[in-house]
Amino acid sequence: MGELSIDVIPCLRDNYAYLISDRERGEAWLVDPSESAPPLTALAARPELDLKGILATHHHHDHVGGIDGILARHGDAWVAAHASDRGRVPQQSRFVDAPLGRFVESGIVLGGRPLLAMWIPGHTRGAIAWYIPPPSEGEAEGGDVFTGDTLFAAGCGRLFEGTPAQMHASLQALTALPPATRMWFGHEYTAANLRFAATVEPDNPAIQRRIAGLGERTTPTTVADERATNPFVRAASAEALGERRAAKDVFRG
Ligand code: FE
Ligand code: ZN
């Protein structure tokens, strides 16, 4: 079993790309390269790593805009996204037909470990979550899941191509992972998300604690923190989520 590590690569104004690496095997993968320069710089700094593939969480330009430039240098790398994003993700070569509601094997292996995937429509119709489970079942440290713009720390993405019911189901399925699971998301919106969360639940002490301890870079969050503070995860129904999302769309806090 390879030991995988995850490095954060800030991109654009508030985007996160991620570099997953297996130092022992000298292999690397990128998640959501919004632009090519920062990931190429990160790879150039570690010439022992061979880029094997790129994982896209959804087709938006600020998640796939770097793919062409990266493949120009690393032509052997594959590009994986959900099967339904066919034609919308540049140079996509792996079409993962992951189902709703549960993680299944994606057919992709990272450092000897199977990568799981689940379809999470809501923000876009082809959104997919990529999940690296803990090395052995029941491991207390938890696994790692990449949520794109579907789940942010204390927030969720806008409903560009989905319904409140789809977003509700996707968020519930993501936060059904073990509490210690690390959740790596697409944008640093956490401060504004928590200001909104505090208006939804002014008496929730977990939200106040989170605001007090807020750092500049807040990825990853955890399933436990999202269950305690995220107003969209905590929405009791799709209708409640829809109302909160509509309020957040016009929130200036
Ligand atoms: Fe997006
Ligand atoms: Zn985005």
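This one's a predicted model, so the numbers in the text were calculated from it and none came from an experiment. (Residues numbered from 1 in each chain as written. Chains lettered and ligands numbered in written order. Predicted model: local features only at pLDDT ≥ 70, side-chain atom pairs only at ≥ 80, totals over all residues. Heavy atoms only, no water.)

J.: Help me understand the sheet that holds strand β7 (residues 104–110) in this model?
T.: Strands pair in a sheet through their backbones, by hydrogen bonds, and they do so in one of two ways: parallel or antiparallel. Reading across the sheet, the six strands line up as β7-β8-β9-β10-β13-β14 and stay open at both edges, with mixed pairing between neighbours. Looking at which strands have only one partner, the edges of the open sheet turn out to be β7 and β14 (221–222). In the sheet, β7 pairs with strand β8 (residues 113–119) via five bridges, with the strands oriented antiparallel. Opposite L110, over in β8, you have R113 as the bridge partner. (Pairing = 2+ DSSP bridges. Helix = DSSP H or I, 4+ residues; strand = E, 2+ residues; numbered from the N terminus.)

J.: Help me understand the pairing of β8 in this model?
T.: The two faces of the sheet receive side chains in turn, since in a regular strand these alternate between them. The element β8 is largely enclosed, with a buried count of five among its seven residues. Counted along the chain from β7 to the antiparallel partner β8, the turn is two residues long, and its residue G111 has a positive phi close to 55°. As judged from the four bridges shared by β8 and strand β9 (residues 128–132), these two strands associate in the antiparallel manner. What sits directly across from W119, in β9, is I128. (Buried < 20%, exposed > 50% of the residue type's maximum accessible area, 1.4 Å probe, protein only.)

J.: Teacher, can you tell me more about the packing of aromatic side chains here?
T.: The geometry of an aromatic ring pair is captured by two quantities: the separation of the ring centres and the angle between the planes. With the rule as written, the count across this model stands at nine aromatic pairs. Plain terms: the ring middles of Y18 and F146 are 5.4 Å apart, the flat faces sit at 55° to each other, and that makes the pair tilted. On the criterion of sequence distance, the pair formed by Y18 in strand β2 (residues 15–22) and F146 in strand β10 (residues 144–148) is long-range, its members being 128 residues apart. Centroid distance F196 to F251: 5.2 Å. Interplanar angle 70°. Geometry classified as edge-to-face. Remark: F251 occurs in the segment after α8 (238–249) and F196 occurs in helix α5 (residues 190–200); sequence separation between them is 55 residues. For F196, a relative accessible area of 4% corresponds to the buried category. (Phe/Tyr/Trp six-rings, centres within 6.5 Å; stacked < 30°, edge-to-face > 60°.)

J.: How do you make sense of unusual backbone geometry when you look at a structure like this?
T.: Peptide bonds are mostly trans, and most non-glycine residues show a negative phi. Going from T219 to P220, the amide bond is cis rather than trans, its omega being 0°. For P220, the position within the fold is in the loop between α6 (205–212) and β14.

J.: Would you take a moment to explain the packing of α5 against α8 for this structure?
T.: When two helices pack together, their arrangement is given by the angle between the helix axes and the distance between those axes. In the contact formed by α5 and α8, the axes pass within 11 Å of each other and the chain directions differ by 125°. Here α5 is positioned oblique relative to α8, judged by the angle of their axes. Remark: the crossing between α5 and α8 carries right-handed chirality. Here A192, N193, F196 and V200 of α5 lie close against α8, whose contacting residues are R244, A247 and K248. Classifying every residue of the contact of α5 with α8 gives four nonpolar, one polar and two charged. (Axes fitted to C-alpha atoms, helices over the stretch in contact; angles between N-to-C directions. Parallel < 35°, antiparallel > 145°, perpendicular 65-115°, else oblique. Left-handed = near helix turned anticlockwise from the far one by under 90°. Contact = heavy atoms within 4.5 Å. Nonpolar A, V, L, I, M, F, W, Y, C, P; charged D, E, K, R; others polar.)

J.: Explanation requested: the pattern of salt bridges in the structure shown.
T.: Opposite charge on two side chains allows them to pair when their charged atoms are near. Applying the stated rule across the entire model yields 12 salt bridges. Across the pair D249 and R158 runs a salt bridge whose closest N-O atoms are separated by 3.5 Å. Residue D249 is found in helix α8, and its partner R158 is found in the loop between β12 (155–156) and α4 (164–174); the two are separated by 91 residues along the sequence. The exposure class of D249 is partly exposed, given its relative accessible area of 27%. Accessibility expressed as a relative area gives 39% for R158, which makes it partly exposed. One salt-bridge network, in which partners are shared between bridges, spans D7, R46 and E48. (Salt bridge = Lys/Arg side-chain N within 4 Å of Asp/Glu carboxyl O.)

J.: Please explain the environment of L30 as it appears in this structure.
T.: Summarising the element assignment, L30 is placed in strand β3 (residues 27–31). For L30, a relative accessible area of 0% translates into the label buried. For the pair L30 and C11, spaced 19 residues apart in the sequence, the C-alpha separation amounts to 13 Å.

J.: Please clarify how the coordination of the zinc ion (ligand 2) should be interpreted in this entry.
T.: Four donors placed tetrahedrally about a metal ideally form angles of 109.5 degrees, and six donors placed octahedrally ideally form angles of 90 or 180 degrees. Surrounding the zinc ion (ligand 2) are the protein donor atoms D62 (OD), H63 (NE2), D149 (OD) and H187 (NE2), which sit 2.0 to 2.3 Å from the metal. Taken together, the four donor atoms coordinating the zinc ion (ligand 2) and their angles of 80 to 165° define a geometry best described as irregular. Donor residues binding the zinc ion (ligand 2) come from one chain and are separated in sequence as D-H-x85-D-x37-H. In this structure, the zinc ion (ligand 2) lies 3.2 Å away from the iron ion (ligand 1), the two metals sharing D149 as a donor. On the accessibility criterion, H63 (0% relative accessible area) is buried. (Donors = N, O, S within 2.8 Å, 3.2 Å for Na, K, Ca; no water. Tetrahedral: all angles 85-135°; square planar, octahedral: opposite > 155°, others 65-115°.)

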